[in-house]
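One-letter residues, chain by chain:
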Amino acid sequence: MADGVRVPGLEGVPLLGSLFDLKADSLGTYERARQRHGDVVRISAGPPGLRAELYCVFSAEGAQRVLASEAANFRKDNAFYQEVRDSFGNGLLTSQDADYVRQRRLVQPLFTRKRVDGYAGAVAAETEGTLAAWAEARDGIVDVSTEMMHLALRAVSRILFGADVDATVDVVDRCFPVITDYVLRRGYSPANLPRTWPTPGNRRAATALDELYAVCDEIIAQRLGAAPPGQAEGEDLLSLLAGARGEDDATFDPAELRDQVLVFLLAGHETTATSLAFALHLLGRHPEEQARAREEVRSVLGGRVPVAGDLERLPYLTQVLKEAMRLYPAAPVIGRKAVAATEIEGHTVPAGADVIVAPWVTHRHPRYWKEPERFDPDRFAPEAEAGRHRYAWFPFGGGPRACIGQHFSMLESVIALAMLLRAYEFEAVDREVPVSAGITLRAAGPARCRIRRLEG
């Protein structure tokens, strides 16, 4: 039994606590909580009887305990994950216990470095499509947030579905925002009406889910055809998932395949799009760093298309992306529920508590980062990384539930960013971009850059 002192609480308004602060600016609220009360803070929100309490852990050491060293005590049992599960299925992101172990064993062979490196061509092809479209950009200005979301969605759809990209992109582009907004409203609400009640919000979400499920089910059925389980053919990720076999000869049935596909669509395009968009926007505000990155790209690639082996030859470009992910982590907040009472940083987190770790806050913690708001890719030079706590930077989570797609995300981001920088010079039009914390980090306003085509 933990015997630490009670966790300090953030001041809120009478009756509703910090409800309005969290709704207006959750990330800013978490940062203020750390500044005022330290690395373990309790935040209350909602009216009496429906009040939620969040136990926020902001230190790297605390994040390591929650995600890694004591991961079994912190489970994905909170209301938010249940809403994600109800909409996007019981895939790798949301499954637990035996389900998670079985799924991870089936999926892991498809995300080896060798297998993922084979997706480089698809990423390069979709980036070429973006470059061609930019040739007609009006006034030479593009919103990099919107553009990178489209690029990343097309890339992950091509990798998942092969030739069926166009059949899915429009549906995902239209339906995902409706579903993710619905999940967020329900996941952070103190009380919800049943999903089956015919409210306008429920009906909109149900329509979007039906359309999304239908297109995935149709492609899965076509891909499986008459082939017996575990024997689907093809090199796209869906075919590989359909053909995956576990040690006990286990396979995914069609419903489980859809769950995995939906999770990969969600996690595989929004996260990478966020990293790419903010990397471009930050470089658009820092011309010296942009020029240095471009020079590296040109010296390594010349005019050829990048391949997976180029990642190791582009260290500064990788540092740029890591620094963008520090300042704008795609998963800014990670939630868990405590099974047993635990002492963290000298404070008692009670059994049953909703616990969050926040890369957004830890990545700005002055204990680990000098001048934390400053953009400085050299923070990720090898000698600088070597002396830093492992969980001072954790955009992909950590421990046994760390993101299985880490290498894919870095591969896609480096290849796309290299090709974009080689072809265009970027100048930020919007100096600051407001953000909001959804299922992933989102730009809450335009992130426009003026682009200029480069010769050679």
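Residues numbered from 1 in each chain as written. Predicted model: local features only at pLDDT ≥ 70, side-chain atom pairs only at ≥ 80, totals over all residues. Heavy atoms only, no water.

This paragraph deals with the sheet that holds strand β7 (residues 342-344). Spatially, β1-β8-β7 is the arrangement adopted by the three strands of the open sheet, whose pairing is mixed. Strand pairing shows two members of the sheet lacking a second neighbour, β1 (5-6) and β7, which therefore form its edges. Both β1 and strand β8 (residues 347-349) contribute to a ladder of two bridges, which runs parallel. Considered in β8, the bridge of Arg6 is made with Thr348. (Pairing = 2+ DSSP bridges. Helix = DSSP H or I, 4+ residues; strand = E, 2+ residues; numbered from the N terminus.)

Below, the discussion takes up helix α16 (residues 406-423). With 18 residues, α16 ought to run about 26 Å at 1.5 Å a step, and its terminal C-alpha atoms sit 26 Å apart, in line with that. Most of α16 is tucked away: 17 of the 18 residues are buried. (Expected span 1.5 Å × (residues − 1). Buried < 20%, exposed > 50% of the residue type's maximum accessible area, 1.4 Å probe, protein only.)

As a further point, take the packing of helix α7 (residues 144-161) against α16. Put simply, α7 and α16 touch, their axes get as near as 12 Å, and they point 125° apart. The angle between α7 and α16 falls in the class oblique. Note on packing geometry: the crossing formed by α7 with α16 is right-handed. Note on element contacts: α16 touches α7 through Phe408, Glu412, Ala416 and Leu420, opposite Met148, Leu151, Ala152, Ala155, Val156 and Ile159. Class assignment for the residues of the contact of α7 with α16 results in nine nonpolar, no polar and one charged. (Axes fitted to C-alpha atoms, helices over the stretch in contact; angles between N-to-C directions. Parallel < 35°, antiparallel > 145°, perpendicular 65-115°, else oblique. Left-handed = near helix turned anticlockwise from the far one by under 90°. Contact = heavy atoms within 4.5 Å. Nonpolar A, V, L, I, M, F, W, Y, C, P; charged D, E, K, R; others polar.)

What follows concerns the environment of Ala60. When you line up the elements, Ala60 lands in helix α2 (residues 60-69). Judged by relative accessible area, Ala60 falls into the buried class, the value being 0%. For Ala60 and Thr362, which are 302 residues apart along the polypeptide, the C-alpha to C-alpha distance reads 6.5 Å. Contact partners of Ala60, with chain neighbours within four places excluded, come to Thr362, Tyr368, His389, Tyr391 and Ala392.

Inspection of every chain in the model, using the stated rule, returns 30 salt bridges. Residue Asp181 pairs with Arg442 through a salt bridge whose shortest N-O separation is 2.8 Å. Here the residue Asp181 occupies a position in helix α8 (residues 165-187), and Arg442 occupies one in strand β12 (residues 441-443), the gap between them amounting to 261 residues. For Lys322, the salt bridge identified is with Glu385, shortest N-O distance 3.4 Å. Linking Lys322 in helix α13 (residues 315-327) with Glu385 in helix α15 (residues 382-386), this pair joins segments that are 63 residues apart in sequence. Assessed through its relative accessible area of 18%, Lys322 is described here as buried. (Salt bridge = Lys/Arg side-chain N within 4 Å of Asp/Glu carboxyl O.)

Along the chain, the position of Gln96 falls in the loop between α3 (79-88) and α4 (97-107). On the basis of relative accessibility, which here comes to 15%, the residue Gln96 falls in the buried class. Taking the C-alpha atoms as reference points, Gln96 and Pro47, separated by 49 residues in sequence, lie 31 Å from one another. Ignoring anything within four residues of it in the chain, the contact list for Gln96 reads Arg75, Lys76, Asp77, Arg85 and Arg401.

What follows concerns the packing of aromatic side chains. Within this structure, the stated rule accounts for 12 aromatic pairs. Taken together through their ring pairs, the aromatic side chains of Phe80, Tyr81 and Tyr188 make up a single cluster. In this structure, Arg326 is placed above the aromatic ring of Trp369, and the distance from its NZ or CZ to the ring centre is 5.1 Å. In this structure, Arg401 is placed above the aromatic ring of Tyr100, and the distance from its NZ or CZ to the ring centre is 3.7 Å. (Phe/Tyr/Trp six-rings, centres within 6.5 Å; stacked < 30°, edge-to-face > 60°. Lys NZ or Arg CZ within 6 Å of the ring centre and 35° of its normal.)

Quick look at the sheet that holds strand β13 (residues 448-453) now. Across the sheet, three strands lie side by side as β5-β13-β10; this open sheet has antiparallel pairing. Both outer strands of the open sheet, β5 (141-143) and β10 (424-428), are each paired with one neighbouring strand and no more. Neighbour to neighbour, the strand axes of the sheet diverge by 35° on average, direction disregarded.

Now for empty space enclosed by the protein. Here the structure, examined in full by the defined rule, presents one cavity of 30 Å³ or more. Approximately 30 Å³ is the volume found for the largest cavity. If you go around the largest cavity, the residues you meet are Phe278, His281, Leu282, Arg285, Tyr328 and Val433. When grouped by side-chain class, the residues that make up the lining of the largest cavity number four nonpolar, one polar and one charged. (1 Å grid on protein atoms, 1.4 Å probe; cavity = no way out; pocket = protein on both sides within 12 Å on 5 of 7 lines; lining within 4 Å. Points joined across faces, edges and corners; volume = space filled by probe spheres on them.)

Of note, Lys76 is situated in the loop between β4 (74-75) and α3. Salt bridges are absent for the buried Lys76, whose nearest opposite-charge side chain, Asp77, sits at 10 Å. A distance of 2.6 Å separates the side chain of Lys76 from the backbone oxygen of Leu93, its partner in a polar contact. Those residues within four positions of Lys76 in sequence are excluded, and the remaining contacts are Tyr81, Arg85, Leu93, Gln96, Arg336 and Arg401. (Lys, Arg positive; Asp, Glu negative; His and termini not counted. Polar contact = N/O pair within 3.5 Å; in protein donor to acceptor, adjacent residues only side chain to side chain.)

Below, the discussion takes up the nonpolar core. Of all hydrophobic cores here, the largest spans 143 residues; its most connected members are Tyr30 and Leu265. With 14 residues, helix α11 (residues 254-285) is the single largest residue contributor to this core. Not counting the four nearest positions on each side in its chain, Tyr30 is found in contact with Leu22, Ile43, Leu54, Cys56, Phe58, Val333, Ile356 and Val361. (Core = buried A, V, L, I, M, F, W, Y, C linked by side-chain atoms within 4.5 Å.)

Before going further, it helps to spend a moment on unusual backbone geometry. Both trends apply: most residues other than glycine have a negative phi, and most peptide bonds are in trans. Phi is positive for Leu15, close to 75°, though the residue is something other than glycine. The residue Leu15 is located in the loop between β1 and α1 (19-37) in this model. Residue class for Leu15 comes out exposed when judged on its relative accessible area of 58%. In this structure, Glu371 is a non-glycine residue whose phi angle is positive, near 45°. Mapped onto the elements, Glu371 comes out in the loop between α14 (359-362) and α15. Owing to a relative accessible area of 46%, Glu371 belongs among the partly exposed residues under this scheme.

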